[in-house]
Amino acid sequence: PKVTYELPDGTVHDVDVPCGQSVMDGSVRNNLPGIVAECGGSCSCATCHVFLEAGESFFDEPTDEERELLEFAEGVRPNSRLSCQLIISDGCAAVRVTVPGTNG
Ligand code: FES
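If you look the protein chain up in an unreviewed UniProt entry, it shows as 2Fe-2S iron-sulfur cluster-binding protein from Streptomyces humicola. Under the UniProt heading Sequence similarities (unreviewed entry), the note attached to the protein chain is "Belongs to the adrenodoxin/putidaredoxin family." For the record of the protein chain, the UniProt heading Cofactor (unreviewed entry) holds the text "[2Fe-2S] cluster".

Now the structure itself:
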């Protein structure tokens, strides 16, 4: 499924992210800047912080662990998520995230 990333520099990138991979994977594998993902996706760094602008219904609610980590991210908004916890599945469509400029 296609995921749209709006980067800190204002550019917008559409990436095809395979099912089972995370929104973080889709960014890192395509060398998009902004999602640092220091911990490699194990939900322990918060440098994969994004704003989930569209498609929230396709993803599970944040776990307690994710919520706690998000407290360490800068500029948190109600739609803040850790992109390594946003796993793409078959039905995903029109998922869109904004990458804040403050990760890592
Ligand atoms: Fe570290 Fe997501 S990559 S919490």
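The discussion continues.
**Q** I tried to follow the overall build of the protein chain on my own but got confused; where do I start?
**A** Looking only at helices and strands, the protein chain features two helices and five strands. Ordered by position from the N terminus, the helices and strands of the protein chain form the series β-β-α-β-α-β-β. In terms of overall size, the protein chain behaves like a compact globule, its C-alpha atoms giving a radius of gyration of 12 Å where 104 residues would be expected to give roughly 13 Å. Referenced to the eigenvectors of the C-alpha coordinate spread, the extents of the protein chain come out at roughly 30 × 30 × 25 Å. At a minimum sequence separation of 6, the contacts of the protein chain that also span at least 24 residues come to 69%.

**Q** Explain the pairing of strand 3 (residues 49-54) to me, please; I cannot follow it from the model alone.
**A** Regular strands have side chains that alternate between both faces of the sheet. As judged from the three bridges shared by strand 3 and strand 4 (residues 80-82), these two strands associate in the antiparallel manner. Residue pairing across strands places His49 opposite Leu82, the latter belonging to strand 4.

**Q** Got a minute to help me understand the nonpolar core in this structure?
**A** A general feature of soluble globular proteins is that nonpolar side chains tend to end up buried together. Formed by 21 residues in total, the largest nonpolar core has its most connected members in Val3, Val23, Met24, Ile35, Cys48, Val50 and Val97. Listing elements by their share of this core, those giving two or more residues are strand 1 (2-6), helix 1 (23-28), strand 3 and strand 5 (95-98). Here Met24 is in contact with Ile35, Ala37, Gly41, Cys48, Ser83 and Cys84, once residues within four sequence places are set aside.

**Q** Would you mind showing me how to read the sheet that holds strand 1 here?
**A** Each strand in a sheet pairs with another by means of backbone hydrogen bonds, the pair being arranged parallel or else antiparallel. Sheet architecture is open: five strands sit in the order 2-1-5-3-4, paired in mixed fashion. Each edge of the open sheet carries a strand with a single partner, namely strand 2 (12-16) and strand 4. Geometrically, the sheet is characterised by an average inter-axis angle of 35° between neighbouring strands, direction not taken into account.

What counts and how
- Residues numbered from 1 in each chain as written.
- Predicted model: local features only at pLDDT ≥ 70, side-chain atom pairs only at ≥ 80, totals over all residues.
- UniProt positions renumbered as here; feature names shortened; annotations may be inferred.
- Helix = DSSP H or I, 4+ residues; strand = E, 2+ residues; numbered from the N terminus.
- Rg over C-alpha atoms; globule rule 2.2 N^0.38 Å.
- Contact = placed C-beta atoms within 7 Å.
- Pairing = 2+ DSSP bridges.
- Core = buried A, V, L, I, M, F, W, Y, C linked by C-beta atoms within 7 Å.
- Buried ≥ 20, exposed ≤ 12 C-beta atoms within 10 Å, placed from the backbone.
- Axes fitted to C-alpha atoms, helices over the stretch in contact; angles between N-to-C directions.

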